[in-house]
Amino acid sequence: DPPAGKAPMARDMTQGNITKHLLLYAGPLIIGDLFQQLYHTVDSVVVGQFRGKEALAAIGAAGPVMNILIFMIAGISMGASILMAEYYGAKKYEDLKEEMATSIGAGLLLTLVLSLLFYAGSGLFIRLTQTPEEISHMAAGYLRIISAGLIFTFFYNILAAALRAIGDSRTSLCVLILTTIINVVLDIIFVRNLDLGVYGAAWATVIAQAVSSLALILYIYIKVPVLRLKPSEIHINLKLLKKTADYSSVSALQQTMLYLGRLLVQSGVNTLGVDAVAAFNAASIIDSYVLAPGSSLASSVTTFSAQNRGGGKYDRIPRGFGITMAIAVIYTVFVTLIILFAGRPLFGIFLKPWEQNAIALGLSYIRPMACFYFMAGMTHTFQGYFRGIGRLKFTLIGTLIQIPVRVILTYGLISRLELKSVAVGTVLGWACMIVFDIYAYRKYGRNFNQI
C-alpha cells in the first residue's frame, strides 16, 4: 500500500459519489469551524458578562487586527494545501511530503517575523483603527498576547491543512473540540476567578492553540506516515518554494485584503462610540457563525477540485461545483429565517438586558444583512472552486472588487445610517463580486491545467 493509504481518515475524492464525498468531508469542517468560532465567542461572552461592554468592545476592536495576522497564516496554509491535495490526487506521495517540509520551513520563518512585528507595534495598530481611548490599552494588551502565541496558530493551521489535503477533515475537528473545552475552562478561571480581564481571555486562547498544535503533531507522527517529518527533515526546497509562493502568496494576500477591509470598516465603526463597537463585535460573531458553513463548503470543493485536477478526473470538477453551490444557497436561506426571528435573543448572549442601545444598534445591522446571506454562500463557493482549479488570482480580484465597495459605502453612509451603512456596503460588495465570479467562471472556469 502507498504511505497515504495508512492514514486512517484519508479520503480519495477522485472516485465514488460526489455528493457523498463533499458532504462527508464538509461535515467535520462545518462543525470544526463552529468550534473555531467559539474561541472568540467564549472570550467575548465571558469578558462581556463579567467585565462589561467596555471589555467586550476592546476585544472587538482588537479582532480585525488579530484576524489579519491569523488569516495571513491561514492563506499561506491554504495555498500549500492546494498543492498537497493535487500531489495526493496524483499519487505523488514523495512530492507531497517535500511540499509539507518546505511549507513548514518557510512558513515558520514568516510567522516569527509577523509575531515580532505585531507584538512590538500592537499599540500603534490599535491607535490607527481609531479605537476609543478608554478601551485602547486593553485592546493593545490583548493583541500583544495573541501575537506572542502566533507560532502555535501557524502549526495548527499548516498541519490541519495537510490533513485536509489528503481528505482528512475529522482529526482537526476532534482536536478543536478538545481545545475549545480547554479554552472555555481557562476563560472562566482567568477572567472570572483570577480577574485578569481581556488579558486572561487572550492567554486562554494562546494556551488552547498550543495544545491544538501539539495534538496534531503527535497524531501525524503516530498515525499518518506520509506526512510524518522529523525536525531534521524540515527544509526549504527553493524550486518548490517558488511554486508554493505562487499559490500561498495569492491566498495570503487575498485573505489579508479581506481582513484589511474589515479593519477599515471597524475603524469607521469605532468612531460611533463604545455602544456601537460592542454591538458590532456581537453582530460580527453572529455573522461568523452563520457564514462558517459556507466557508467549510468552499474548503470542501477546493480539496475535491484539487484532488480531481491532480488525478486528471476533469469531468468531476464542475459537477462538484454545482452541487456545492446548491447546498450553500439552501443553507443560507434557512439561517436567514433564524436570524430574522431570533436576532434579539442572540444579542442577549453577549450584552446585558439593560444595554438596550447597543442591542438596538446590533439589530439594525444584522436584520438587513440576513436577507442577503445567500450571496455570501455564492461567493464562498466560487472562491473555493477557483482555488481548487489553480485560478487563485480570481479569488484575489474578486476580493479587490468587493473590499473598496464595502469600505467606501460604509464611510460615505456611516454618519447617516450608523451600523446599517456596514450592511449596505457589505451586500453591494458581494453583488459586485458575484458579477465578476460569474464572468470568470464562464470564460475560464472549465480550463483545468494539471500540476
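Cut-off values and rules
- Residues numbered from 1 in each chain as written.
- Predicted model: local features only at pLDDT ≥ 70, side-chain atom pairs only at ≥ 80, totals over all residues.
- Heavy atoms only, no water.
- Helix = DSSP H or I, 4+ residues; strand = E, 2+ residues; numbered from the N terminus.
- Rg over C-alpha atoms; globule rule 2.2 N^0.38 Å.
- Contact = heavy atoms within 4.5 Å.
- Areas by Shrake-Rupley, 256 points an atom, 1.4 Å probe, with all protein chains shown as cover.
- Lys, Arg positive; Asp, Glu negative; His and termini not counted.
- Charge placed at Lys NZ, Arg CZ, Asp CG, Glu CD.
- Phe/Tyr/Trp six-rings, centres within 6.5 Å; stacked < 30°, edge-to-face > 60°.
- Buried < 20%, exposed > 50% of the residue type's maximum accessible area, 1.4 Å probe, protein only.
- Lys NZ or Arg CZ within 6 Å of the ring centre and 35° of its normal.
- Salt bridge = Lys/Arg side-chain N within 4 Å of Asp/Glu carboxyl O.
- 1 Å grid on protein atoms, 1.4 Å probe; cavity = no way out; pocket = protein on both sides within 12 Å on 5 of 7 lines; lining within 4 Å.
- Points joined across faces, edges and corners; volume = space filled by probe spheres on them.
- pLDDT = per-residue confidence, 0-100.

(A) Just the overall build of the protein chain, in detail. The helix and strand tally for the protein chain stands at 15 helices and zero strands. For a compact globule of 451 residues, the expected C-alpha radius of gyration is about 22 Å, and the protein chain comes in at 21 Å, within 12% of that figure. Overall, the C-alpha framework of the protein chain stretches about 65 × 45 × 35 Å when taken along its three principal axes. Put simply, of all contacts in the protein chain between residues at least 6 apart along the chain, 84% involve residues at least 24 apart. Summing over all exposed atoms, the protein chain offers an accessible surface of approximately 17500 Å²; the carbon and sulfur share of this is 67%. Treating the 36 positive side-chain charges of the protein chain as one cloud and the 23 negative ones as another, the clouds have centres 7 Å apart.

(B) Structural view of the packing of aromatic side chains. Per the stated rule, a full pass over the model turns up 14 aromatic pairs. On the basis of an interplanar angle of 65° and a centroid distance of 6.2 Å, the ring pair of Tyr88 and Tyr93 is categorised as edge-to-face. On the basis of relative accessibility, which here comes to 7%, the residue Tyr88 falls in the buried class. On the basis of relative accessibility, which here comes to 13%, the residue Tyr93 falls in the buried class. Taking the centre distance of 5.3 Å and the plane angle of 70° together, the rings of Phe386 and Phe394 count as edge-to-face. Here Phe386 falls in the buried class, since its relative accessible area comes to 0%. The exposure class of Phe394 is buried, given its relative accessible area of 5%. One Lys or Arg, Arg228, reaches over the ring of Tyr221 and ends 5.4 Å from the middle of that ring.

(C) Examining the pattern of salt bridges more closely. Evaluation of the coordinates by the stated rule reveals three salt bridges. Measuring nitrogen to oxygen at the nearest pair gives 3.8 Å for the salt bridge that ties Arg319 to Asp315. On the basis of relative accessible area, Asp315 is assigned to the exposed category, the value being 51%.

(D) Region of interest: the layout of surface pockets. Approximately 260 Å³ is the volume attributed to the largest pocket. Around the largest pocket sit 13 residues that line it, and Ile104, Leu159, Ile217, Leu229 and Ile234 are the ones nearest its centre. Looking at the lining of the largest pocket, the elements that each hand over two or more residues are α3 (93-120), α6 (150-165) and α8 (197-223). The greatest single-element share of the lining of the largest pocket, amounting to three residues, is contributed by α8.

(E) Up close: the confidence of the model for the protein chain. Chain-level pLDDT for the protein chain is 84 on average; 95% of the residues reach the 70-or-more range. Confidence, read as mean pLDDT per element, is least for helix α1 (residues 18-51) in the protein chain (76) and greatest for helix α15 (residues 420-444) (93).

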